[in-house]
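A closer look at the structure
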Amino acid sequence: MPEIGETLREARMRAKIDVSEVEATTKIRAKYLRALENEEWGLLPGPTFVRSFLRTYADYLGLDSKLLVEEYRLRHEHPSELDLAPIAPNLGPERRTARISRIGPPQLSRGWIIGLSVVAIIALLIVIGSVGGGGQSNQGKVATQSTTRKKAPSRPAAAPRPTVARLKLLPIDPVYVCLVDSGGKRLIDGQTLDPSAPPPTFRAKRFSVLFGHGPQQMRVNGKTVQIRSSSNPIGFEITPTSRRELSQARLPTCSQ
């Protein structure tokens, strides 16, 4: 199931709110609200409207709209290139011939004349240097090198670093879990999770998660992580780009 739409739908279902109620309050048509929940971006007027509707809908449900909009931009917005074709009037053979005859031969501009003169002078200096046994002047060398120097290839721009961490818990057996975000909010306050009803995907700048025992597994930023079996609680700190195991002294605490 799509993760952005899943987050919106589950928040609305938990609050027991019908789509018609959201439509009446936010003034966003119901078909656009359903398109957001199903991630059918092609049914919406455009990326600008998607971001605006997504921000309004998330705020209405009490979700972090900035994180959802950032997730949409990272996953679905890409720069596009426009292929522009030259537009020319469709002239018949007779009109094209008459137009060419009126235009006449092309006239060289003053800039072209100066450029050709410079090229001719450089060529003359090269010929004189080769005849004189390599007695080319410093000015001739500089001019020759400047005409043959190649432009260094530009490096591609680095991809932007992700700013949001994504975490989905996938318990294999019933397990005690404590999950705290970067602001200290307990997202799972010491609950025993059942494998038949895993929680939704969580998003924050940073997480601290504690498992009562293993083996278990979780999906961190789209990658599945296996957790080894242990008789002691195991904790991890998760960021948008990495994860690391916590020491016993830094494990998060929740109510039992």
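Rules behind the numbers
Residues numbered from 1 in each chain as written. Predicted model: local features only at pLDDT ≥ 70, side-chain atom pairs only at ≥ 80, totals over all residues. Heavy atoms only, no water. Helix = DSSP H or I, 4+ residues; strand = E, 2+ residues; numbered from the N terminus. Buried < 20%, exposed > 50% of the residue type's maximum accessible area, 1.4 Å probe, protein only. Areas by Shrake-Rupley, 256 points an atom, 1.4 Å probe, with all protein chains shown as cover. pLDDT = per-residue confidence, 0-100. Contact = heavy atoms within 4.5 Å. Pairing = 2+ DSSP bridges. Axes fitted to C-alpha atoms, helices over the stretch in contact; angles between N-to-C directions. Disulfide = S-S within 2.5 Å. Phe/Tyr/Trp six-rings, centres within 6.5 Å; stacked < 30°, edge-to-face > 60°. Lys NZ or Arg CZ within 6 Å of the ring centre and 35° of its normal. Salt bridge = Lys/Arg side-chain N within 4 Å of Asp/Glu carboxyl O.

1. Details of the overall build of the chain
- Within the chain, the regular secondary structure consists of 8 helices and 9 strands.
- The buried share among the 256 residues of the chain stands at 33%.
- Only carbon and sulfur atoms are counted for the fraction: they give 55% of the accessible area of the chain, which is about 17600 Å².

2. A closer look at the confidence of the model for the chain
- Per-chain confidence: the chain averages 77 in pLDDT, with 76% of residues scoring 70 or above.
- When pLDDT is averaged over each helix and strand of the chain, the minimum, 49, is found for helix α6 (residues 93–103) and the maximum, 91, for helix α2 (residues 19–26).
- The model gives residues 100–104 a pLDDT under 50, and that stretch makes 0 contacts with residues more than four places away or in other chains.

3. Here we look at the sheet that holds strand β7 (residues 223–227)
- Ordered in space as β4-β1-β6-β7, the 4 strands form an open sheet in which the pairing is antiparallel. Strand pairing shows two members of the sheet lacking a second neighbour, β4 (202–204) and β7, which therefore form its edges. Each neighbouring strand pair of the sheet contributes to a mean axis angle of 25°, computed without reference to strand direction.

4. Quick word on the state of the cysteines
- Enumeration according to the criterion identifies 1 disulfide in this entry.
- Between Cys-178 and Cys-254 runs a disulfide, and the two sulfur atoms are separated by 1.9 Å. One quick way to see it: the torsion about the S-S bond of Cys-178 and Cys-254 is about 65°, and its sign makes the bridge right-handed. Of this pair, Cys-178 sits in strand β2 (residues 175–181) while Cys-254 sits in the segment after β9 (243–245), and the two are 76 residues apart along the sequence.
- With a relative accessible area of 0%, Cys-178 lands in the buried category.

5. Observations regarding the pairing of strand β6 (residues 216–220)
- With burial as the criterion, only one face of β6 is covered, namely that bearing Gln-216, Met-218 and Val-220; the residues Gln-217 and Arg-219 on the opposite face remain uncovered.
- Alignment of strand β1 (residues 165–169) against β6, held across 3 bridges, turns out to be antiparallel. By the bridge assignment, Lys-168 is partnered in β6 with Arg-219.
- Note: β6 against β7, 5 bridges, orientation antiparallel. Bridge pairing in β7 places Met-218 opposite Val-225.
- Hairpin connection of β6 to β7: 2 residues between the antiparallel strands, including Asn-221 at a positive phi of 50°.

6. Notes on unusual backbone geometry
- Of note, the phi angle at Glu-39 is positive, near 55°, even though the residue is not glycine.
- Its place among the elements puts Glu-39 in the loop between α3 (30–38) and α4 (47–61).
- We note that Asn-221 has phi near 50°; this positive angle belongs to a residue other than glycine.
- Among the secondary structure elements, Asn-221 is positioned in the loop between β6 and β7.

7. Side note on the packing of aromatic side chains
- Applying the stated criterion across every chain yields a total of 3 aromatic pairs.
- Look at Tyr-32 and Phe-53: their rings are 5.6 Å apart centre to centre, the planes differ by 25°, and that puts the pair in the stacked class. Note that Tyr-32 is positioned in helix α3 and Phe-53 in helix α4, a separation of 21 residues in sequence.
- Note on Tyr-32: relative accessible area 15%, which makes it buried.
- Phe-53 gets classed as buried once you look at its relative accessible area, which sits at 14%.
- In this structure, Arg-29 packs its charged tip against the face of Tyr-32, placed 5.9 Å from the ring centre.

8. Notes on the environment of Thr-26
- Among the secondary structure elements, Thr-26 is positioned in helix α2.
- Relative accessible area serves as the criterion here: at 16%, Thr-26 is assigned to the buried category.
- Each C-alpha atom, one on Thr-26 and one on Tyr-57, is 7.4 Å from the other, the two residues being 31 residues apart in sequence.
- Setting aside residues up to four positions removed in sequence, Thr-26 forms contacts with Thr-56 and Tyr-60.

9. Observations regarding the pattern of salt bridges
- On inspection of all chains with the given rule, the structure shows 8 salt bridges.
- Of the charged contacts, one joins Arg-166 and Glu-71 as a salt bridge, the two residues approaching to 3.5 Å between their closest N and O atoms. Taken as a pair, Arg-166 in strand β1 and Glu-71 in helix α5 (residues 65–76) lie far apart in primary sequence, 95 residues in all.
- Its relative accessible area of 4% is what places Glu-71 among the buried residues.
- A salt bridge links Arg-244 to Glu-237, with the shortest nitrogen-to-oxygen separation between them at 2.9 Å.
- Taken together, the shared-partner salt bridges connect Arg-9, Arg-12 and Glu-37 into one network.

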